[in-house]
Amino acid sequence: MKKTLLATALLSSIAMAHAADAPDNLPAVVVTANRAPTPLDEVLAPVTVITREDIERLQPISVQDLLTGLPGVVMANTGGLGQQTSMFMRGTNSAHTLVLVDGVRVGTVGAGLPAYEQLPVEQIDHIEVVRGPRSTLYGSDAIGGVIQIFTRHGQAGEAPTPSVSVTGGSHGYTAGQVGVSGGTTHGWYNASLGGQYTAGINACRIGAGTAFKGCFTDEPDHDAYRTYNGALSGGYRWDDGTELTGSWLRSKGTIEYDGDFQNLTRRSQQVAGGKLSFDAMADWRMSVSLGQNQDRADNYLNGADKTLDFVNYGVDKARVGYLYSKRNQAAWQNDFTLAPGQTLSAGVDYQQEKLDSDTDYLKTTRNNTGVFALYQGVFGPHEIQLSARHDHNTQFGNHTTGAAAYGFRFENGMRITASYGTAFHAPTFNDEYYPYGAPVALKPEKSRTAEIGLSGAPGIWNWAVNAYQTKVDDLIGFDAAFLPINVSEARLRGLEGQLGADVDGWHLRAYATLQQPLNRDNGSQKDNLLARRPRRTGRVDLDKDLGMFTLGGSVYAAGYSYDDAANTTRLGGYATADLRATWHVDNAWSVQGRVANVADKRYETAAYYNQLGRTYYLTVRFAPAP
């Protein structure tokens, strides 16, 4: 059944493509693929865009809800809302996808993982998901792809416009958001506050008397999660085209989870950035940007003991660990128009990483400088992109990457693309020093990706099919003493399809992935599936506008996978379905309801960790059109 569903979704992306310009709600340009606004139909990399309209229609409560099932995307979660969440793009490791928020790189410098669970959905305007290697533009981490989250913003000329939403649901779930946006003739602004709370579920499924299976406990309980967030953004554009923008996003929360040595984390994440762009000459656009990402985690046992003493004044006595990380970033980029249809982008990136931890890391700072260039040319039906980058890391030395892509557009609008690119991932501080503090001699992980794609946007439809192969060398694994070493090679093959349409009140989004994420090391695990990466996934979202009402649903299916490299702990395949409805009371007020996992399916994306069963949500929203 699962195989039939996935095959149908993939084949429909080809067969239905010939039914009849791209849907009106898709952005005319995307930024992430080429580091500059580029018409969507000129981007040679596979891109999936989630708009604000999609977000409000789908009624997600987390970024995980939004990303699960997109082409090439697999999410793993350790026990429900707010729990640690990982993403595997095209079968690569969870640290092999670069995540940006308004152009600023996010994720701890210790583990190299962004806190997807801490990113507030209500603060998001849209998301661009670019699949395939992008190290030639962004440096380390972009082996599987790049995800950029753009926060909400106002519009120039918009009168002050308030927005409010309140949500209640199963497991004591409550959430709220209040904000205001607007603008002047040349400027715009947005300010918003929000929060979430859930009493949670028992994150770990083992019960009393059961041996440890990854949860460090045999006591079932409810693991609550609470967080609040704030966002500010604004910009001003002068008559000569000079533009200054800035944004700030902060989330802070408390996460309860299972464990006998620590079971509560207080975590905060902050992203801030600014950018100045101006025309240096008629055919030369220059931009300078600054950014900072801070991530702080304090870990406790059995909650935080607020009792203070005179020896450790101001320190929570129950704290058993902490990790604070900071990443300062700067970029200088120049975009040149060489001739009609030909552009050159070149620039320099700089970042400084720092951390402070209860673990005695031998080294706690490092810097990276990258120099890059991208040429793009359109010659009739032919499109060419060439890019290269050189990175110098004060800890791992020099690394050079390159990429080339070609596209040909047929008279009927269909386009075929082919590309080849290299990428790399520099070991994190945890890879090099955790948990013993002593250094481990690791080399950066390196990849080579070849890809071919076919896409089109006939009439109301937009569709794409892509096939790829990625080989990763020096994949980081662990030896018998649980020290990281470069031991593995991986071969990742896949076929992806996506389809979208908006017609006569119908909104369709369909995605499918067939992949082979295999360990190719010559040891005993050769040809094993990489952990937590199923061979098949598929998702279909379908909604219908019916005057004052919108009705819809989603189906997601995933094949089996394994939780370990040895392929001894199997995670069964599963399918879930959601139903949703919106009552548009008037142009500003709406009432929304959603039932997630309608069939109350029990499944795991990480071994021994529960996922939410059937859950209900009800939202009242006030959001007048600007």
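Since we're looking at a predicted model, the values are computed, not measured. (Residues numbered from 1 in each chain as written. Predicted model: local features only at pLDDT ≥ 70, side-chain atom pairs only at ≥ 80, totals over all residues. Heavy atoms only, no water.)

(A) Region of interest: the overall build of the chain. Each helix and strand in the chain was counted, giving five helices and 33 strands. Carbon and sulfur atoms provide 59% of the accessible area of the chain, an area that totals close to 26,300 Å². (Helix = DSSP H or I, 4+ residues; strand = E, 2+ residues; numbered from the N terminus. Areas by Shrake-Rupley, 256 points an atom, 1.4 Å probe, with all protein chains shown as cover.)

(B) Structural view of the sheet that holds strand β6 (residues 97-101). Across the sheet, five strands lie side by side as β3-β8-β9-β6-β7; this open sheet has mixed pairing. Both outer strands of the open sheet, β3 (47-50) and β7 (104-105), are each paired with one neighbouring strand and no more. (Pairing = 2+ DSSP bridges.)

(C) Structural context of the pattern of salt bridges. All chains considered together, the criterion is met by 36 salt bridges. For E56, the salt bridge goes to R52, with nearest N and O atoms at 3.3 Å. Here E56 pairs with R52, and both are found in helix α2 (residues 52-58), just four residues apart, close to one helical turn. When its relative accessible area of 27% is taken as the criterion, E56 is described as partly exposed. Residue R52 is classed as buried on the basis of its relative accessible area of 9%. In this structure, E451 engages R90 in a salt bridge whose closest nitrogen and oxygen atoms are separated by 2.9 Å. (Salt bridge = Lys/Arg side-chain N within 4 Å of Asp/Glu carboxyl O. Buried < 20%, exposed > 50% of the residue type's maximum accessible area, 1.4 Å probe, protein only.)

(D) How the structure looks around a nonpolar patch on the surface. The grouping of L546, M548, F549, L551, W583, V585, W589 and V620 at the surface amounts to a nonpolar patch, some 720 Å² of accessible area in total. In this fold, W589 is placed in strand β32 (residues 589-596). Look at W589 and you get partly exposed, because its relative accessible area is 42%. (Patch = residues over 30% accessible without salt bridge, like charges linked within 9 Å, V, L, I, M, F, W, Y side chains within 5 Å.)

(E) A look at the side chain of S590. Of note, S590 is situated in strand β32. Look past the residues within four positions of S590 in its chain and what remains in contact with it is T582, W583, H584, V585, T619, V620 and R621. (Contact = heavy atoms within 4.5 Å.)

(F) Expanded view of the packing of aromatic side chains. Under the defined criterion, the tally for this structure stands at eleven aromatic pairs. The structure contains a cluster of three or more aromatic residues connected by ring pairs, namely Y556, Y574 and Y603. In this arrangement the basic side chain of R90 is found over the ring face of Y468, its NZ or CZ atom lying 4.2 Å from the centre. Above the face of the Y300 ring, R266 is positioned so that its terminal group lies 5.3 Å from the ring centre. (Phe/Tyr/Trp six-rings, centres within 6.5 Å; stacked < 30°, edge-to-face > 60°. Lys NZ or Arg CZ within 6 Å of the ring centre and 35° of its normal.)

(G) A look at the pairing of strand β31 (residues 574-584). Note: strand β28 (residues 549-558) against β31, ten bridges, orientation antiparallel. Its bridge partner lying in β31, L551 is registered against A581. In this sheet, β32 lies alongside β31 in antiparallel orientation, the contact comprising six bridges. Bridge pairing in β32 links T582 to Q592. Here β31 hands over to β32 after four residues, the two strands then running antiparallel side by side.

(H) Representation of the environment of A280. On the secondary structure map, A280 appears in strand β15 (residues 264-281). On the basis of relative accessible area, A280 is assigned to the partly exposed category, the value being 33%. Counting along the chain gives 56 residues from A280 to F336, while the straight-line C-alpha distance between them is 10.0 Å.

(I) Fine view of the pairing of strand β4 (residues 73-77). The buried fraction of β4 amounts to five of the five residues, a majority that puts the element mostly inside the structure. Burial along β4 is two-sided: V73, M75 and N77 facing one way and V74 and A76 facing the other are all buried. Summarising the sheet, β4 and strand β5 (residues 85-89) pair through five bridges and their orientation is antiparallel. Note that in β5 the partner of V73 across the bridge is M89.

(J) Quick look at the nonpolar core. With 27 residues, the main nonpolar core has L67, M87, I127 and I147 as its most contacted residues. Listed by contribution, the elements that provide at least two residues to this core are α2, α3 (63-67), β4, β5, β6, β8 (124-131) and β9 (145-151). Of all hydrophobic cores here, the second largest spans nine residues; its members include Y225, I255, A596 and Y617. (Core = buried A, V, L, I, M, F, W, Y, C linked by side-chain atoms within 4.5 Å.)

Any functional reading would require information beyond the geometric quantities listed.
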